[in-house]
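# Descriptive structure summary
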Amino acid sequence: MDFDVGKVDLNCEKNNTAHKTNDISVNRLIVRRGQSFLVTFELHDLSRPTTDLLELMVETGPQPSEALGTRSVFGLPEGCGKGSSWKVKVHQGSVLLAGSITLDITSPADAPVGEYSLSVKTSATASVGSSLGKLLLLFNPWCKEDWVHLPEEEERQEYVMREQGLVYKGSDKYISSMAWNFGQFEDDIVDICLKLLDVNPKCLSDPAKDFSARCNPIYVSRVVSAMINANDDRGVLMGRWDGQYDGGMSPTHWNGSVEVLRRWLKNGSNPVKYGQCWVFAAVMCTVLRCLGIPCRVVSNFQSAHDTDKNLTIDDFFSDYGVRPKQSPDSVWNYHVWVEAWMRRPDLSAGSLYDGWQVVDPTPQEKSTDVYCCGPAPVKAILQGHVDLKYDVPFVFAEVNADRVTWMVFADGSKKNIFTDSVSVGQNISTKAVGSDKRVDITANYKHAEGTEKERAVYNQAVKRVNIPEENSNGIHDGKPGVSMKIVELTKPVSGKDIDLKLILNSNDSETRTLVINVNVQAMRYTGIPSSQIQTELKELKLLPNQDLTIPIHIPFSVYGEKMRESNSIKVSAVVTDNDKSEAVYITEKDLVPESPSLTIKAIGSELQYSEMTAEVVFENPLSEGLRNCFITVTGSGLLTEAMEVRMPLLKQGQRLRVKMPFTPYRPGPKKLVAGFNCDQFRDIKASCNVYIKPVTGVVPPLRR
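What you see is a predicted model; the values in this text were computed from it and never measured.

## Thoughts on the overall build of the chain
Helix and strand counts for the chain stand at 13 helices and 37 strands. Relative to its length of 704 residues, the chain is compact, with a C-alpha radius of gyration of 30 Å against a globular reference of 27 Å. Across its three principal directions, the C-alpha atoms of the chain cover 110 × 65 × 40 Å. Looking at the chain as a whole, 55% of its 704 residues qualify as buried. As presented, the chain carries roughly 29,100 Å² of accessible surface, and 49% of it is formed by carbon and sulfur atoms. Where the 79 positive side-chain charges of the chain centre and where its 87 negative ones centre are 3 Å apart.

## Some words on the side chain of Ser429
Tracing the backbone through its elements, the reader meets Ser429 in strand 22 (residues 426-431). A distance of 2.8 Å separates a polar atom in the side chain of Ser429 from a polar atom in the side chain of Arg438.

## Comments concerning the UniProt feature "binding site: Ca(2+)" (unreviewed entry) in the chain
Within this structure's numbering, the places UniProt gives as "binding site: Ca(2+)" (unreviewed entry) are Asn400, Asp402, Glu449 and Glu454. A compact arrangement is adopted by the annotated residues: their sequence extent is 55 residues, whereas the largest C-alpha distance between any two is 11.9 Å. Residue class for Asp402 comes out buried when judged on its relative accessible area of 1%. Considering the arrangement of structural elements, one finds Glu449 in the loop between helix 11 (442-445) and helix 12 (452-464). Residue contacts for Glu449: discarding those within four places in its chain leaves Asn400, Ser421, Val422, Val424 and Glu454.

## Points about helix 6 (residues 217-228)
Given a rise of 1.5 Å per residue, 12 residues ought to cover 16 Å, and the 16 Å separating the end C-alpha atoms of helix 6 matches this to within 8%. With respect to burial, helix 6 is a largely interior element, 12 of its 12 residues being buried. Residues of helix 6 that are buried include every one of Pro217, Ile218, Tyr219, Val220, Ser221, Arg222, Val223, Val224, Ser225, Ala226, Met227 and Ile228, and no others. Between a side-chain oxygen at the N-terminus of helix 6 and the backbone nitrogen of Ile218 the separation is 2.8 Å; the capping residue is Asn216.

## Remarks on the nonpolar core
Among the nonpolar cores identified, the biggest contains 68 residues, and Val224, Ile228 and Trp278 are the most heavily contacted of them. Here the element with the most residues in this core is helix 8 (residues 277-291); it accounts for 13 residues. In terms of domain composition, this core takes at least three residues from each of domain 1 (5-138) and domain 2 (153-465). Ignoring anything within four residues of it in the chain, the contact list for Trp278 reads Val167, Lys169, Met178, Trp180, Pro251, Thr252, Tyr334, Val336 and Tyr525. Ile516, Ile600, Leu622 and Val633 belong to the second largest nonpolar core, which has 59 residues in total.

## Considerations on the side chain of Thr60
Within the fold, Thr60 resides in the loop between strand 4 (54-59) and strand 5 (71-76). The exposure class assigned to Thr60 is buried, which follows from its relative accessible area of 2%. Here Thr60 is in contact with Thr70, Glu115, Tyr116 and Phe211, once residues within four sequence places are set aside.

## Looking at the environment of Met484
Assignment of secondary structure puts Met484 in strand 24 (residues 482-488). Taking the C-alpha atoms as reference points, Met484 and Ser423, separated by 61 residues in sequence, lie 17 Å from one another. Discounting chain neighbours no more than four positions away, the residues touching Met484 are Leu502, Ile503, Leu504, Ala573, Val575, Tyr585, Ile586 and Thr587.

## As for the packing of aromatic side chains
The tally for this structure, following the rule as stated, stands at 16 aromatic pairs. Look at Tyr159 and Trp356: their rings are 5.1 Å apart centre to centre, the planes differ by 90°, and that puts the pair in the edge-to-face class. Residue Tyr159 is found in helix 2 (residues 153-161), and its partner Trp356 is found in strand 18 (residues 355-359); the two are separated by 197 residues along the sequence. The exposure class of Tyr159 is buried, given its relative accessible area of 3%. Lying over the aromatic face of Phe630, Arg646 brings its terminal NZ or CZ to 4.5 Å of the ring centre.

## Structural notes on the domain arrangement of the chain
In terms of domain boundaries, the chain breaks down into domain 1 (5-138), domain 2 (153-465), domain 3 (482-591) and domain 4 (598-692). The distance between the C-alpha centroids of domain 1 and domain 2 comes to 39 Å. Residue-level contacts link 19 residues of domain 1 with 18 residues of domain 2. Here domain 1 meets domain 2 over a buried area of about 1,600 Å², counting both sides, of which 64% is carbon and sulfur. For the pair domain 1 and domain 2, the number of links is one salt bridge. Here Arg28 makes a salt bridge to Asp191, at a shortest N to O gap of 2.8 Å. Residues of the side of domain 1 that touches domain 2, tallied by class, amount to eight nonpolar, five polar and six charged.

## Structural notes on the pairing of strand 9 (residues 130-138)
In the sheet, strand 2 (residues 29-32) pairs with strand 9 via four bridges, with the strands oriented parallel. By the bridge assignment, Arg32 is partnered in strand 9 with Leu138. As paired elements, strand 8 (residues 114-121) and strand 9 share seven bridges and run antiparallel to each other. Note that in strand 9 the partner of Gly114 across the bridge is Leu137.

## Observations regarding unusual backbone geometry
Working note: non-glycine residues mostly have negative phi, and peptide bonds are mostly trans. Between Gly374 and Pro375 the backbone carries a cis peptide bond, its omega angle lying at 5°. With respect to the secondary-structure elements, Pro375 resides in the loop between strand 18 and strand 19 (376-377). Between Lys389 and the following residue, Tyr390, the backbone shows a cis peptide bond with an omega angle of 0°. Mapping Tyr390 onto the fold places it in the loop between helix 9 (378-383) and helix 10 (392-400). The residue Asp391 is not glycine, and still its phi comes out positive at about 65°. By the secondary structure assignment, Asp391 is in the loop between helix 9 and helix 10.

## With respect to the packing of helix 3 (residues 189-198) against helix 8
Between helix 3 and helix 8, the shortest axis-to-axis distance is 10 Å and the interhelical angle comes to 100°. With respect to helix 8, the element helix 3 is oriented roughly perpendicular. On helix 8, the residues touching Ile189, Val190, Cys193, Leu194 and Leu197 of helix 3 are Thr286, Val287, Cys290 and Leu291. Residue classes in the contact of helix 3 with helix 8 are distributed as eight nonpolar, one polar and no charged.

## What to know about the confidence of the model for the chain
Caution applies to low-pLDDT regions: their predicted coordinates should not be interpreted in detail. This prediction gives the chain a mean pLDDT of 89; 91% of its residues lie at or above 70. When the criterion is pLDDT under 50, residues 469-478 qualifies, and its contacts beyond four places in sequence or with other chains add up to 14 contacts.

Cut-offs applied
The residue numbers shown here count from 1 along each chain, following its written sequence. Only residues with pLDDT of at least 70 are given local features in this predicted model, and only at 80 or more are side-chain atom pairs given and counted; all residues enter the totals for whole chains, interfaces and linings. With hydrogens and water stripped out, all remaining heavy atoms of the structure feed into the side-chain values. Think of it this way: any DSSP run of H or I at least four residues long counts as a helix, any run of E at least two long counts as a strand, and we number them from the N terminus. Only C-alpha atoms enter the radius of gyration; for comparison, a globular chain is expected to reach 2.2 Å times N to the power 0.38, where N is the number of residues. For the exposure calls, accessible area comes from a 1.4 Å probe over protein chains only, and a residue counts as buried if that area is under 20% of its type's maximum, exposed if over 50%, partly exposed in between. Residue exposure ignores everything except the shown protein chains as possible cover, and the areas themselves are Shrake-Rupley values with a 1.4 Å probe. Positive residues here are Lys and Arg, negative ones are Asp and Glu, while His and the chain termini are left out of the count. Where a charge lies is defined by one atom per residue type, namely NZ (Lys), CZ (Arg), CG (Asp) and CD (Glu). A 3.5 Å cut-off defines polar contacts: any pair of N or O atoms within that distance qualifies, except that in protein one atom must be a possible hydrogen donor and the other a possible acceptor, and neighbouring residues in sequence count only when both atoms are side-chain atoms. UniProt positions are given in the numbering used here, feature names are shortened, and annotations may be inferred rather than shown by experiment. Residues are treated as being in contact if the distance between any of their heavy atoms lies within 4.5 Å. By definition here, a helix of n residues has an expected span of 1.5 Å times n minus one. To form a nonpolar core, buried Ala, Val, Leu, Ile, Met, Phe, Trp, Tyr and Cys residues must be joined to one another through side-chain atoms within 4.5 Å. Domain limits in this description derive from either an automatic procedure or a database domain assignment. In this scheme Phe, Tyr and Trp rings, the latter by its six-membered ring, pair at centre separations within 6.5 Å, and the angle between planes marks the pair as stacked below 30 degrees, edge-to-face above 60, and tilted otherwise. Criterion for a charge above a ring: Arg CZ or Lys NZ at most 6 Å from the ring centre, at most 35 degrees from the ring normal. A 1.4 Å probe defines the accessible area here, and the buried area is the portion of it lost by two parts on being joined, summed over both. A side-chain nitrogen of Lys or Arg and a carboxyl oxygen of Asp or Glu constitute a salt bridge if their distance falls within 4 Å. Each residue gets one label: Ala, Val, Leu, Ile, Met, Phe, Trp, Tyr, Cys and Pro are nonpolar, Asp, Glu, Lys and Arg are charged, and the others, such as Gly, are polar. Strands pair, by our definition, only if DSSP identifies at least two bridges between them. Axes here mean lines fitted to C-alpha atoms, for a helix over just the part in contact, with angles spanning 0 to 180 degrees between N-to-C directions. The labels follow the angle: roughly parallel below 35 degrees, roughly antiparallel above 145, roughly perpendicular from 65 to 115, and oblique for the rest. Predictor confidence is given residue by residue as pLDDT, running from a minimum of 0 to a maximum of 100.

Structural data, given as structure tokens:
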């Protein structure tokens, strides 16, 4: 018997709430794989309360096929479409006599993610089906059969559902946090994420195969890693590290991912200018969380960039401080990547490498001819299993490479001063689950420095990447004739002078004549000097068993302007012993001046759809006026777009207090993020937490 399909109800609000996608939309069907959803439709001319045949079909992508898993035919009675991985049954609440039927449909836990069309045929003789509509299918961390299943609900709330987070920056001795709005549930972000998948080179060259491969989070995370940077595709962000940001935004400008992703779409899938590692990582976190892959942003301090794959980093000094690299190896003050949670059956029949995987979208080195990195199992990095895919040796070096310091002399010759097996990979940090505390996860990546286990793993890694024995450097034994250290006298704060002292001590019985060169350089966070701040040369006598103290004064008037596009200040002392021509000693200290105080707080009822006020306060700390000041405020779920206030001049000692009204539109934990800019200071940040209580029975105001 033929039935005509009438009105269709995709039960979007009910389904999306059950699938935890209602924050994205309640007006379109967005569900997670491996979990059932309900579809209701009318059957006209129904003459009896049971159905002879209902054949359903779902399709995704171009040239969908059952062999590729991008097409499935299934139906009633149960078992129709034998071999189909999609399932359907009549829902208990279905009212057949009233002329409507509700079906309970379940996708497989390994179905490709993306947009599907859903249709139904109501008889075996019908040539085409009637459309029931479209649905979006996402990964499902709540489903045990899904490779991205995350067992703990508290972690699912943090790593999939939370729209705000913290990114850690600075250096290992000066760790600061920066609030970031991931905004994965903003209206249009899921469509931008799917667009990003659709324009990736693999999809453009073989779309049918690419859509099929979207069943695999390993594949999807690797594609997203490549597509966040624009180095060899139509990716989201163009990276730049030279301080020249004409034609775009300084990477420090961004407070969240939503503006970046929307600009990319508006630009016709042309890259947004500009990004650096924390921007790449945070935008990738947005995309993965939106697609349903649990993930978190991770910062590694003293992060090595090993270009020649020998697990060793070479640093070069001259008498004027850090010199341009003779090799492209470097150690960054910090580097930010993403950890994504998934199983790795491609590496082990058991669960040996399941769990957190490093995926890094910052374009550093190519992986199989593409600028991407990972997923590299954190468990493999801990064990030194560097012969596994993907990019495990590169990530291992980032957290555990040895560092060799060379002195380069005027004639071009060089001398190995010392080898350091400890400093790379410090304070590896991520935001805590359910709070704004910093969690140190270094022990996930390597055994404690100085232990036999750590050295054993390092030596095993060296063997696995087939490094010749002579290329792996040991630690130089023996005490240096002169010991040195640089000590802070004042906490470094941007806008104020910095005072330190260099302390030298000799364990020699004779008086030493030392040539002491103290250098102060502005450094990019990638370990590259951007400009010389000051230098001081002295020749002094160092008496036996006595300290020699040299004051180091760095005025803000000298360093301030040179720090606008730099992350830190490197103070280094290079000491040559006139009495021992080959004796050279080096010590260094990285300083990250703290930004002047900026505060933001939310005033009001903290109730969904009720007007609130953001209050931002900044006081000029300088003895001169601040020019061209402006404050921006953003917050996913709180503001539909950024708010901005400008002020041409903020006089010496003047306090700026700005109040901006906003109406929160999504309940739950949120963050307001403020940024302050002027000619003298760049991108000072502040944030505050807001918990928005939900209301029911209220018609929401229109959003963009």
